[in-house]
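Observations on the model geometry
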Amino acid sequence: MKILCAPLDLGFKIGTRADLDVVLYGHPDKPSRGSAGANIREAVRRLELKPAARAWDVLSIALAVIAADTAVRRNESPDGWTRQIELQVALGDSAFWSSQAPLLTAILRFLTTDIWSLSFLDKGIVPVPPKTAKMPLEDCVSLLSGGLDSLVGALDLTARHKKKPYLVSQIAVGDKEKQTYFASKIAGGLSHLQLNHVVTCPGENERSQRARSLIFLAYGVLLATTLRRYHEGKAVTLYVCENGLISINPPLTPGRLGSLSTRTTIRSSWAVSISAGRRSSQY
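The numbers attached to residues start from 1 for each chain and follow its sequence in the written order. Only residues with pLDDT of at least 70 get local features here, since the model is predicted, and only at 80 or more are side-chain atom pairs given and counted; chain-wide, interface and lining totals rely on the full set of residues. To obtain the side-chain values, all non-hydrogen atoms of the structure were included, while hydrogens and water were left out.

1. Examining the pairing of strand E1 (residues 2–6)
Among the five residues of E1, four are classified as buried, and the element is accordingly described as predominantly covered. In this description, strands pair whenever DSSP reports at least two bridges between them. Helix and strand assignments follow DSSP, with helices taken as H or I runs no shorter than four residues and strands as E runs no shorter than two, numbered in order from the N terminus. With four bridges joining them, E1 and strand E4 (residues 84–90) adopt parallel strand pairing. From the neighbouring strand, Lys2 faces E4, where its bridge partner is Glu86. Pairing of E1 with strand E2 (residues 20–24) involves four bridges; the strand directions are parallel. Residue pairing in the sheet places Ala6 in a bridge with Val23 of E2. Only protein chains enter the accessibility calculation, which uses a 1.4 Å probe; a residue whose area is less than 20% of its type maximum is buried, one above 50% is exposed, and one in between is partly exposed.

2. With respect to the sheet that holds strand E7 (residues 165–170)
Read across the open sheet, the four strands follow the order E8-E7-E6-E9; overall the sheet is parallel. Only two strands of the sheet have a single partner each, and these edge strands are strand E8 (192–195) and strand E9 (237–239). In this sheet, neighbouring strand axes are inclined to one another by 20 degrees on average, regardless of whether the strands run parallel or antiparallel. Summarising the sheet, E7 and E8 pair through four bridges and their orientation is parallel. Residue Ser169 lies in a different strand from E8, and its bridge partner there is Gln194. Two residues qualify as a contact provided that any one of their heavy atoms is within 4.5 Å of a heavy atom in the partner residue. Angles shown run from 0 to 180 degrees and are taken between the N-to-C directions of axes, each axis being a line fitted to C-alpha atoms and, for helices, limited to the stretch in contact. Strands in contact with helix H6 (residues 176–185) are E7 and E8; relative to E8, the strand with the most contacts, it is inclined by about 170 degrees. Of the strands in this sheet, strand E6 (140–143), E7, E8 and E9 are in contact with helix H7 (residues 213–224), which crosses E7 at around 145 degrees.

3. Here we look at the environment of Arg17
Secondary-structure assignment places Arg17 in the loop between E1 and E2. In this structure the C-alpha to C-alpha distance between Arg17 and Ile3, which are 14 residues apart in sequence, comes to 8.7 Å.

4. A few points about the sheet that holds E2
Pairing is parallel in the open sheet, where five strands are placed in the order E3-E2-E1-E4-E5. At either end of the open sheet lies a strand with only one pairing partner, and these are strand E3 (34–36) and strand E5 (115–121). Strand-to-strand twist of the sheet, defined as the mean angle between neighbouring strand axes without regard to direction, takes the value 20 degrees. Against the sheet, helix H2 (residues 53–71) contacts E1, E2, E3, E4 and E5, and its axis sits at roughly 145 degrees relative to E4.

Everything listed here is a matter of geometry and, on its own, says nothing about what the molecule does.
What follows is the structure, given as structure tokens:
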């Protein structure tokens, strides 16, 4: 399936003809189109933050992947699982990302077990930064899902390691209030950015969501590049607090194979670390 992801104002007259057009950072103008990230630019603008241009590209790629992962159904593939996805994405720096396409393709194949083909086009969205941007003084960024792993991780960062993390979350049904509550109670209250990719695609959607971790990491990179440390040329650590044993899922008996069920913890982190630039993605 061929999917083209681009801003609506390009009119989808770029690239090759696609089976599905997905509007990035906007709402679809007709029912046959999908959309992703419609509210993210406004959320960042309200906070007067200034993410790096390359971080916006990281987010655009992640949104496009989530849209494709949602739109293409596995049960319609020849073997009932493995999909062939041709994805085109409009970016701010298509030349750089074209040089990274082989790496990203390998990462996506590992994450989703699908066959991907990636190409990048010009004229993607890089929002104009505010005239006077705020540069938060936090010393790191940490993902907060609303689950126990990320909560314990944030507590550990503040209490034992004396860090001051800026928390970032993907809003999910049933988790938004918990995320807000946790952030308000840890270390007397931490800064907290909540975003939602709000991916919509026409027709019946795929529910396996093997690529979902990319969007969480993309949020983290976006936020990390707004911190004062980043703008001073210093490293910003993005913490992904996961239960390592569960992530690896080792075999518990000689007759059982380990599944590496949370591949996302390992491979997606590597993807963002290599592609987003050194200052915003140390692990």
